[in-house]
Amino acid sequence: MFKKPFSLLATVALFSVATLHADVRMPVIFTDNMVLQRGVNVPVWGFAANGEQVTVSYKRQKVSTKAKDGRWMVKLKSLRVGSPDMLVIDGRNRIELKNVVVGEVWICSGQSNM
């Protein structure tokens, strides 16, 4: 008789705890071996618990923000072409993206003989 309300309550409690202690996460477009566009302010964004402090570090830049509504975004100042480095995102957890370079990013579409 009391099993269903108790299990529902337990599920809600577990879900609430999981969202309160959410790790910083990144969209799938942010990966090892990626290329960031040179010469522009580069947006870096992701997901985290509301109010969580998130810091992004790349080369000699370090930018911080707080997550709002489960999302966060920072912009790295204009970057110059250079050797690979690590892009680090710190929050409650740490994400390290390796071999990140700066250069030209082109998006092309068309036929196979393009």
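In what follows, the accompanying structure is described. Just so we're clear, the structure is a prediction, and the values are computed from it rather than from any experiment.

1. Notes on the environment of Val 63
Considering the arrangement of structural elements, one finds Val 63 in strand S4 (residues 61-66). Its relative accessible area of 21% is what places Val 63 among the partly exposed residues. Sequence separation between Val 63 and Met 73 is 10 residues; the distance between their C-alpha atoms is 9.8 Å. The contact partners of Val 63, leaving out residues within four places of it in the chain, are Val 54, Thr 55, Val 56, Val 74, Lys 75 and Leu 76.

2. Thoughts on the packing of aromatic side chains
Inspection of every chain in the model, using the stated rule, returns one aromatic pair. Ring centres of Phe 30 and Trp 45 lie 4.9 Å apart, and the angle between their planes is 80°; on these two criteria the pair is classed as edge-to-face. Of the two residues, Phe 30 is situated in the loop between helix H1 (3-20) and strand S1 (35-37) and Trp 45 in strand S2 (residues 42-47); the sequence distance between them amounts to 15 residues. The buried category is assigned to Phe 30, whose relative accessible area is 9%.

3. Some words on the environment of Ser 64
Examined against the element boundaries, Ser 64 turns out to sit in strand S4. Here Ser 64 falls in the partly exposed class, since its relative accessible area comes to 42%. Along the backbone, Ser 64 and Lys 75 are 11 residues apart, and their C-alpha atoms lie at a distance of 9.5 Å. With residues up to four places along the chain from it excluded, the contact list for Ser 64 reads Gln 53, Val 54, Thr 55 and Val 74. One polar contact links Ser 64 to Thr 55, side chain to side chain, over a distance of 2.8 Å.

4. Here we look at the pattern of salt bridges
Evaluated as defined, the whole model comprises four salt bridges. Of the charged contacts in the structure, one is a salt bridge between Glu 52 and Arg 92, with a shortest N-O distance of 3.3 Å. Of this pair, Glu 52 sits in the loop between S2 and strand S3 (53-58) while Arg 92 sits in the loop between strand S6 (82-90) and strand S7 (94-103); the two residues are 40 residues apart in sequence, bridging distant segments of the chain. Assessed through its relative accessible area of 46%, Arg 92 is described here as partly exposed. The structure contains a network of salt bridges with shared partners spanning Asp 90, Arg 94 and Glu 96.

5. Structural notes on the nonpolar core
Among the nonpolar cores identified, the biggest contains 22 residues, and Trp 72, Leu 87 and Ile 89 are the most heavily contacted of them. Of all elements in the fold, only S2, S3, strand S5 (71-76), S6 and S7 reach the threshold of two or more residues within this core. Per-element accounting of this core gives the leading share, four residues, to S7. Leaving out residues up to four positions away in the same chain, Leu 87 has contacts with Met 34, Val 56, Ser 57, Tyr 58, Leu 76, Ile 95, Glu 96, Leu 97 and Val 100.

6. Some thoughts on the pairing of S7
Note that S1 and S7 share three bridges and pair parallel. Paired with Gln 37 across the strands is Gly 103, a residue of S7. Where S6 folds back onto S7 in an antiparallel hairpin, the turn is made up of three residues.

Thresholds applied
- Residues numbered from 1 in each chain as written.
- Predicted model: local features only at pLDDT ≥ 70, side-chain atom pairs only at ≥ 80, totals over all residues.
- Heavy atoms only, no water.
- Helix = DSSP H or I, 4+ residues; strand = E, 2+ residues; numbered from the N terminus.
- Buried < 20%, exposed > 50% of the residue type's maximum accessible area, 1.4 Å probe, protein only.
- Contact = heavy atoms within 4.5 Å.
- Phe/Tyr/Trp six-rings, centres within 6.5 Å; stacked < 30°, edge-to-face > 60°.
- Polar contact = N/O pair within 3.5 Å; in protein donor to acceptor, adjacent residues only side chain to side chain.
- Salt bridge = Lys/Arg side-chain N within 4 Å of Asp/Glu carboxyl O.
- Core = buried A, V, L, I, M, F, W, Y, C linked by side-chain atoms within 4.5 Å.
- Pairing = 2+ DSSP bridges.

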